[in-house]
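# Coordinate analysis (summary)
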Amino acid sequence: MSDVREYLTEVEYPCEREELLRRAAAKGAGDDVIGHLGKLPEQRYDNVEAVHRLLGDDTDRHG
């Protein structure tokens, strides 16, 4: 999976899940990224690290 962080660079935290999805889609995120973000709980996220913690290993960079 692509690194989710590259699609969340313009997100202003804290924000809700819907804002994460909106910003990722605007940056051209693929279905895999949108799908993973869509599985996040509906809550307020303080920063991108909080998003990555909840996504877990699925967002690890593969290089």
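Everything here concerns the structure above.
Being a predicted model, the structure only gives us computed values, none of them experimental. (Residues numbered from 1 in each chain as written. Predicted model: local features only at pLDDT ≥ 70, side-chain atom pairs only at ≥ 80, totals over all residues. Heavy atoms only, no water.)

Among the nonpolar cores identified, the biggest contains 17 residues, and L8, L20, L37, L40 and V51 are the most heavily contacted of them. For this core, the secondary-structure elements that each account for two or more residues are α1 (17-26), α2 (31-38) and α3 (48-55). With 4 residues, the top contributor of residues to this core is α3. Discounting chain neighbours no more than four positions away, the residues touching L8 are Y13, L20, A24, L37, V48 and V51. (Core = buried A, V, L, I, M, F, W, Y, C linked by side-chain atoms within 4.5 Å. Buried < 20%, exposed > 50% of the residue type's maximum accessible area, 1.4 Å probe, protein only. Helix = DSSP H or I, 4+ residues; strand = E, 2+ residues; numbered from the N terminus. Contact = heavy atoms within 4.5 Å.)

A word on α2. Taken together, the buried positions of α2 are V33, H36 and L37. All buried residues of α2 lie within an arc of 100 degrees about the axis, which places them on one face of the element. Where α2 is buried, its residues touch α1 and α3. (Arc of directions from axis to C-beta.)

All right, on to the packing of α1 against α2 then. Interaxial distance between α1 and α2 falls to 10 Å at its minimum, and their mutual angle equals 175 degrees. By the angle between their directions, the pair α1 and α2 is classed as roughly antiparallel. Residue-level inspection shows R17, L20, L21, A24 and A25 of α1 in contact with α2, the latter providing I34, L37 and G38. Across the contact of α1 with α2, the residue classes tally to 6 nonpolar, 1 polar and 1 charged. (Axes fitted to C-alpha atoms, helices over the stretch in contact; angles between N-to-C directions. Parallel < 35°, antiparallel > 145°, perpendicular 65-115°, else oblique. Nonpolar A, V, L, I, M, F, W, Y, C, P; charged D, E, K, R; others polar.)

Moving on to unusual backbone geometry. Residue P14 follows Y13 across a cis peptide bond; omega there is -5 degrees. For P14, the location among the structural elements is in the segment before β1 (15-16).

As a further point, take the pattern of salt bridges. The full count for this structure, using the stated rule, is 7 salt bridges. E16 is the salt-bridge partner of R44, the closest N and O atoms lying 2.8 Å from each other. In this pair, R44 is assigned in strand β2 (residues 44-45) and E16 in strand β1, connecting sequence segments 28 residues apart. A salt bridge links E19 to R23; the shortest N-O distance between them is 2.7 Å. Taken together, the residues span about one helical turn, with E19 and R23 both in helix α1 at a distance of 4 residues. Residue E19 is classed as buried on the basis of its relative accessible area, which comes to 18%. A cluster of three or more residues bridged by salt bridges with shared partners is formed by R17, E18 and E42. (Salt bridge = Lys/Arg side-chain N within 4 Å of Asp/Glu carboxyl O.)

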